[in-house]
Amino acid sequence: MAMSDTIPPMFDPFEPGFFDDPYPQYRLLRDEDPVHEHPMLRLWFLTRYEDVSAVLRAGLSVEARSLTTGDVFEQSEALSGTRALVDNHSMLERDPPDHTRLRSLVAKVFTRRAVAALEPEIARLVDDALERLACAGTADLVETLAFPLPFTVISRMLGMPPTDSTRIRELSGALVRSWEPIADSEIMDTLIHASAELMQIIRSLIDWKRRHPADDLLTALIAAEHEGTVLSEDELVSQVVLLYVAGHETTVNLIANGVVALLRNPDQLELLRSQPHLASNAVEEVLRYDTPVQLTRRITIAPHTIGDKEIPAGSLIIPCLGSANRDERFFGSSADQLRIERPEARSQISFGVGPHRCVGAALARLQGRIAIERLVKRFPNLSLADDVAWNNRINLRGAARVPVSV
Ligand code: HEM
């Protein structure tokens, strides 16, 4: 994006270098146009910490059908991905009272205690992955650790039977395009087909689970569905898809982006190695520094004022968590640097805030801490063996390939 007195800054993910490092663009928007009305995409992009946090706490709508601005669906590519979500029953796409009912059901079985009990199993899975890494000497950290760990953990928590994980991985990779702010018609087609196939797979896994109940999340959700008034069949399927996809497509980026950030800041890596008690704060700091879920979305039902701008009813607002986490107004002048001792790291906003804040935050933090802690401890000579490749996603930003040598 060119800096100029006459051309205002614009959110432009097609600018060269954006996927390697979107943060300079976000800084410019924070400084020059923090409540940015995109001229072509017909959305409002928020980049400052205070605005992002206030909008998420304000309890605005998340239901795509609330978008009422005439033919806005037809005119804006930005909204085509959102349109795919109109019939989605997941709690992420529902307002109260449905949201309250769906969320409380999941939160009831997704407790802090249930998550903490997973620590020994997660440690075992991490150690197995590190053993494979030790044998290989040089390998892709995403394939050996960052992807398989959260995928296995959420599969086991749900109580999924052994199934074709390669196909599920492909489908969920396609499905998360619906969380991207821009989707052309080709992506939309892929997304609609992937969604239908994944729903079908999940329905058959649910049928299997009905015949094989156990002490797991899926059995608990099926029990709620049996009560009929609590959870319909479509809602059951949508919550399972959400938990499955959100359970791994995000945590993979926490681990991969976190390790890349530490390897690119050797002083911080050394600090963590010499003071392992900093691991929890280091996880907060990497979540802040290179945010795994960069954006979310809200919809105005009534006009909504932010600063000196009035956003009309029926508009799509994109609060940018990744930018808020780099806001020097909140995190100080070192906001662009990785500092694993940073006391304010715990105020990072990577899991959202307000009614839709992440249900899986404790699980993600636990996996991130155990993975990073044990990786750093086991391999004192860990280094990047080649260039990092990014996944070229605007929202679920992550390293797609992290070649490391141990
Ligand atoms: C919601 C981020 C891991 C399940 C959210 C939201 C964010 C987020 C930003 C709020 C979206 C909004 O306000 O619109 C992350 C990140 C993760 C992570 C960065 C990992 C580093 C997980 C895991 C699970 C999960 C492991 C489940 C196993 C959910 C669910 C919601 C949610 C169910 C919807 C909550 C609601 O709508 O009330 N997550 N998440 N997430 N997350 Fe996560």
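Residues numbered from 1 in each chain as written. Predicted model: local features only at pLDDT ≥ 70, side-chain atom pairs only at ≥ 80, totals over all residues. Heavy atoms only, no water.

In the nomenclature of an unreviewed UniProt entry, the protein corresponds to Cytochrome P450 from the organism Pendulispora brunnea.

Colleague: Report on the overall build of the protein, specifying residues and quantitative values.
Modeller: When you go through the protein residue by residue, the secondary structure sums to 19 helices and 11 strands. In summary, the protein has a C-alpha radius of gyration of 21 Å against a globular reference of 22 Å for 406 residues, a match within 12%. The dimensions of the protein, computed from C-alpha atoms along their principal axes, are 55 × 55 × 35 Å. The buried share of the protein, taken over its 406 residues, is 56%. Here the analysis covers contacts within the protein between residues at least 6 apart in sequence; of these, 73% occur between residues at least 24 apart. Surface accessibility of the protein: about 17200 Å² in total, with carbon and sulfur atoms responsible for 52%. (Helix = DSSP H or I, 4+ residues; strand = E, 2+ residues; numbered from the N terminus. Rg over C-alpha atoms; globule rule 2.2 N^0.38 Å. Buried < 20%, exposed > 50% of the residue type's maximum accessible area, 1.4 Å probe, protein only. Contact = heavy atoms within 4.5 Å. Areas by Shrake-Rupley, 256 points an atom, 1.4 Å probe, with all protein chains shown as cover.)

Colleague: Please set out the pattern of salt bridges residue by residue, giving values where relevant.
Modeller: Going through the model one piece at a time under the given rule, you end up with 32 salt bridges. Here Glu328 ties to Arg30 by a salt bridge, and the two come within 3.2 Å at their closest N and O atoms. Separated by 298 residues along the polypeptide, Glu328 in helix H18 (residues 328-331) and Arg30 in helix H1 (residues 23-32) bring together distant segments of the chain. An identical accessibility class is assigned to Glu328 and Arg30; each is buried. Residue Glu373 pairs with Arg369 through a salt bridge whose shortest N-O separation is 3.2 Å. Taken together, the residues span about one helical turn, with Glu373 and Arg369 both in helix H19 (residues 361-378) at a distance of four residues. Overall, the relative accessible area of 18% leaves Arg369 in the buried class. Linked by salt bridges that have partners in common, Arg27, Arg30, Asp31, Arg326, Asp327, Glu328, Arg329 and Asp336 make up one network. (Salt bridge = Lys/Arg side-chain N within 4 Å of Asp/Glu carboxyl O.)

Colleague: Residue-level account of the coordination of the iron atom of the ligand, with values.
Modeller: Within the protein, a single donor atom binds the iron atom of the ligand, namely Cys358 (SG) at 2.3 Å. Structurally, Cys358 can be placed in the loop between H18 and H19. (Donors = N, O, S within 2.8 Å, 3.2 Å for Na, K, Ca; no water.)

Colleague: Any chance you could break down the nonpolar core for me, citing the residues and the numbers?
Modeller: One finds Ile122, Leu145, Leu149, Ile202 and Leu272 to be the most contacted residues of the largest nonpolar core, which totals 94 residues. Every residue in contact with Leu149, bar those within four places of it in the chain, is listed here: Ile122, Leu125, Val126, Ile255, Gln367 and Ala371. Membership of the second largest hydrophobic core comes to 17 residues, among which are Val35, Leu46, Val55 and Ala335. (Core = buried A, V, L, I, M, F, W, Y, C linked by side-chain atoms within 4.5 Å.)

Colleague: Describe the site of the ligand, and please don't skip the residues or the numbers.
Modeller: Within the structure, the ligand sits among 29 residues, and His99, Arg103, Thr296, His356 and Cys358 are positioned closest to it. With respect to the ligand, the side chain of His356 contributes an N or O atom lying 2.7 Å from an oxygen atom. Elements that contribute at least two residues to the shell around the ligand include exactly helix H5 (98-109), helix H13 (233-249), helix H14 (251-263) and H19. Looking at which element gives the most residues to the shell around the ligand, the answer is H13, with four residues. Tallied by class, residues from the shell around the ligand come to 17 nonpolar, nine polar and three charged. (Near = heavy atom within 4 Å. Polar contact = N/O pair within 3.5 Å; in protein donor to acceptor, adjacent residues only side chain to side chain. Nonpolar A, V, L, I, M, F, W, Y, C, P; charged D, E, K, R; others polar.)

Colleague: I'd like a rundown of the side chain of Gln294, residues and numbers included.
Modeller: With respect to the helices and strands, the residue Gln294 is situated in the loop between helix H16 (279-289) and strand S4 (298-299). With relative accessibility at 0%, the residue Gln294 sits in the buried group. Setting aside residues up to four positions removed in sequence, Gln294 forms contacts with Pro22, Tyr23, Tyr26, Pro319, Cys320, Leu321, Gly322, Ile394, Asn395 and Arg397.

Colleague: An account of the packing of aromatic side chains is requested, with residue identities and associated values reported.
Modeller: A full pass over the atoms with the stated rule returns 12 aromatic pairs. Summarising the aromatic geometry, the rings of Phe11 and Tyr26 are spaced 6.5 Å apart at their centres and angled 20° between planes, so their arrangement reads as stacked. Of the two residues, Phe11 is situated in the segment before H1 and Tyr26 in helix H1; the sequence distance between them amounts to 15 residues. Its relative accessible area of 1% is what places Phe11 among the buried residues. (Phe/Tyr/Trp six-rings, centres within 6.5 Å; stacked < 30°, edge-to-face > 60°.)

Colleague: Could you give an account of the sheet that holds strand S2 (residues 44-46), with specific residues and numbers?
Modeller: The strand order S1-S2-S7-S4 describes an open sheet built from four strands, whose pairing is mixed. At either margin of the open sheet sits one strand with a lone partner, and together these are strand S1 (35-37) and S4. Strand direction decides the pairing type here: S1 and S2, joined by three bridges, are antiparallel. Its bridge partner being in S2, Val35 is matched across the sheet by Leu46. (Pairing = 2+ DSSP bridges.)

Colleague: Can you break down the packing of helix H9 (residues 148-158) against H19 residue by residue, with the values?
Modeller: Contact pair H9 / H19: the axes reach a minimum separation of 11 Å and the direction vectors enclose 135°. As the angle between them shows, H9 and H19 are arranged oblique. Here the hand of the crossing between H9 and H19 comes out right-handed. Within the contact between the two elements, H9 uses Leu149, Pro150, Val153 and Met157 and H19 uses Leu363, Gln367 and Ala371. Along the lines of polarity and charge, the residues of the contact of H9 with H19 split into six nonpolar, one polar and no charged. (Axes fitted to C-alpha atoms, helices over the stretch in contact; angles between N-to-C directions. Parallel < 35°, antiparallel > 145°, perpendicular 65-115°, else oblique. Left-handed = near helix turned anticlockwise from the far one by under 90°.)

Colleague: Before we move on, can you summarise H14 with the specific residues and values?
Modeller: Counted at 1.5 Å a residue, the expected span for H14 with its 13 residues is 18 Å, and the 18 Å between its end C-alpha atoms agrees. With 13 of 13 residues buried, H14 lies mostly within the body of the structure. (Expected span 1.5 Å × (residues − 1).)

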